[in-house]
Amino acid sequence: MLETSARLLKLLSLLQTRRDWPGAELAGRLGVSARTVRRDVERLRELGYQVHASAGVPGYRLGAGSDLPPLLLDDEEAVAVAVGLRTAAQGGVAGIEETSVRALAKLERVLPSRLRHRVNALQSMTVPLTGGAPAVEAGTLSAIAAACRDHEGLRFDYRAGDGTVTERLVEPHRLVASGRRWYLVAFDRGRDDWRVFRVDRLRLRTPNGPRFAPREPPAEDLAAYTSHRISSAPYRYRCQVIVHAPAETVVARMPPSVAAVEPLDGGGCLLTSGSNSLDELAFWLVSLGMAFEVREPPELAAHLRVLARRLADAADG
């Protein structure tokens, strides 16, 4: 059995990972009785944590209070942490975007309103020097992450690549980060199928949709699934190319938002990509700096031959 102080930290950690916790389930996780859970909840309340009893099945929910609970952070430090997490969540530091969103969702649940206003003010008056993908609001990311965690439906307006706007009701599953671009993997109720949405193209509606029971995800490797969906499915030209180089070498040179890469026997790999422009496909393939063979489409092979003659003529002067 955990000692009291360690058990309190464990209880607090559990309360932060989910919106509602049945008391019996908390007792089982902690290996104590329901009565001990009630006493521990009272201790957390004495420390300043707003733990509410939920209606219906006896349980608990962690809420935001008027003061920041003891996290060994003063107000200035809490603001600094929140701003840092928002910046990291928008892709400022490679490799920690998803972790930053999860931490930000936890922090914003307990951040007092006076500090939240300071964070929002500082963020709104800061202009990041970024390029490439459109910026995504950190608040949008944390709202989506919370809906994924709490199994709450999301309603939003979605703008497709051709500018068409449709209203969607989805069951959100996971956020996937690719460079500075974010994608939502979700089950679209209107289409009765899994979809991948660019987060910068959606505008959330309130309130959220109803709670739902989680479905089996469309793939074990959601990163690979997302890469395949966004790199080939929506485009006019879908290409498959055999690259004579190890898959890990190609992946290092080719962003997952551009192509999906699968290893082949013999040391090569199969690269699948898509675009509405043959010139764009040719650019990415040539920029690899590796030998390759075009499987499909024939239009791409013909276009590469035209470009090769054009480049040869330019080199001959």
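What you see is a predicted model, and the numbers here were worked out from it, not measured in a lab.

Q: Mind laying out the environment of Arg 7, listing which residues take part and the relevant values?
A: Summarising the element assignment, Arg 7 is placed in helix H1 (residues 4-17). The class for Arg 7 is buried, based on a relative accessible area of 6%. Linking Arg 7 and Leu 30, residues 23 residues apart in sequence, is a C-alpha distance of 7.0 Å. Within the structure, Arg 7 has its side chain in polar contact with the side chain of Asp 40 (distance 2.5 Å).

Q: Talk me through the sheet that holds strand S10 (residues 259-263); I want residue IDs and the actual numbers.
A: If you walk across this open sheet you meet the 4 strands as S10-S11-S9-S12, and the pairing is antiparallel. Of all the strands in the sheet, just S10 and strand S12 (292-296) have a single pairing partner and so form its edges. For this sheet, the mean inter-axis angle between neighbouring strands, taken without regard to orientation, is 25°. In terms of strand pairing, S10 meets strand S11 (residues 269-275) through 5 bridges, oriented antiparallel. Bridged to Val 261 within S11 is Leu 271. This element, helix H10 (residues 278-287), spans strand S9 (237-243), S11 and S12 of the sheet and lies at about 150° to S11. Taken strand by strand, helix H11 (residues 298-316) contacts S9 and S12, and its axis lies near 140° from that of S12.

Q: Got a sec to walk through the sheet that holds strand S7 (residues 193-198)? Specific residues and values, please.
A: As summarised here, the arrangement of the 5 strands in space is S7-S6-S5-S4-S8, forming an open sheet in which the pairing is antiparallel. Each edge of the open sheet is held by one strand with a lone partner, namely S7 and strand S8 (202-204). Taking each pair of neighbouring strands and ignoring which way they run, the sheet shows an average axis angle of 50°. Against the sheet, helix H7 (residues 138-150) makes contact with strand S4 (154-159), strand S5 (165-178), strand S6 (181-188) and S8, and its axis sits at roughly 90° relative to S5, the strand it touches most.

Q: Lay out unusual backbone geometry in plain terms, naming residues and giving numbers.
A: A cis geometry characterises the amide bond from Thr 206 onward to Pro 207, with omega recorded as -5°. With respect to the secondary-structure elements, Pro 207 resides in the loop between S8 and helix H8 (222-232). The amide bond that connects Glu 296 to the next residue, Pro 297, takes the cis arrangement and shows omega of 0°. Positionally, Pro 297 belongs in the loop between S12 and H11. The backbone phi angle of His 151 is positive, close to 55°, even though this residue is not glycine. Take His 151: it is sitting in the loop between H7 and S4. Unusually for a residue other than glycine, Asp 192 sits at a positive phi of about 55°. Mapped onto the secondary structure, Asp 192 falls in the loop between S6 and S7.

Q: Please give an account of the nonpolar core that cites residues and values.
A: For soluble globular proteins, the rule of thumb is that nonpolar side chains tend to be buried together. Ranked by size, the top nonpolar core spans 21 residues in total, and within it Val 243, Val 250, Leu 271, Leu 288 and Leu 300 carry the most contacts. Of all elements in the fold, only S9, helix H9 (247-253), S11, H10 and H11 reach the threshold of two or more residues within this core. Excluding residues that lie within four positions of it along the chain, Leu 300 makes contacts with Cys 239, Leu 278, Leu 281, Ala 282, Leu 285 and Val 294.

Q: I'd like to hear about the packing of aromatic side chains, residue by residue, with values.
A: In total, this model carries 5 aromatic pairs according to the counting rule given. On the basis of an interplanar angle of 80° and a centroid distance of 5.0 Å, the ring pair of Tyr 158 and Phe 197 is categorised as edge-to-face. In this pair, Tyr 158 sits in strand S4 while Phe 197 sits in strand S7, placing the two residues 39 residues apart along the sequence. Per residue, the accessibility class of Tyr 158 equals that of Phe 197, and both read buried.

Rules used in this analysis
Residue positions within a chain follow its written sequence, with the count starting from 1. Only residues with pLDDT of 70 or above have their local features reported here, since the model is predicted, and side-chain atom pairs are shown and tallied only from 80 upward, although totals for entire chains, interfaces and linings are computed over all residues. Excluded from the side-chain calculation are hydrogens and water; included are all heavy atoms of the structure. Secondary structure is summarised from DSSP: a helix means a run of H or I of at least four residues, a strand means a run of E of at least two, and numbering begins at the N terminus for each. For every residue, the accessible area obtained with a 1.4 Å probe (protein chains only) is divided by the maximum for its type, and the residue is called buried under 20%, exposed over 50%, and partly exposed between those limits. Counting of polar contacts relies on pairs of N or O atoms within 3.5 Å, with two restrictions inside protein: one atom must be capable of donating a hydrogen and the other of accepting it, and residues adjacent in sequence are counted only when both atoms are side-chain atoms. Here, strands pair whenever DSSP counts at least two bridges between them. The angle between two axes is taken between their N-to-C directions and runs from 0 to 180 degrees, where each axis is a line fitted to C-alpha atoms and a helix contributes only its stretch in contact. Any two residues whose heavy atoms approach within 4.5 Å are treated as being in contact. The nonpolar core is taken to be a set of buried Ala, Val, Leu, Ile, Met, Phe, Trp, Tyr and Cys residues, with the residues joined through side-chain atoms within 4.5 Å. Two rings from Phe, Tyr or Trp (for Trp, the six-membered ring) form a pair when their centres are within 6.5 Å of each other. A pair whose planes differ by under 30 degrees is stacked, one over 60 is edge-to-face, and the rest are tilted.

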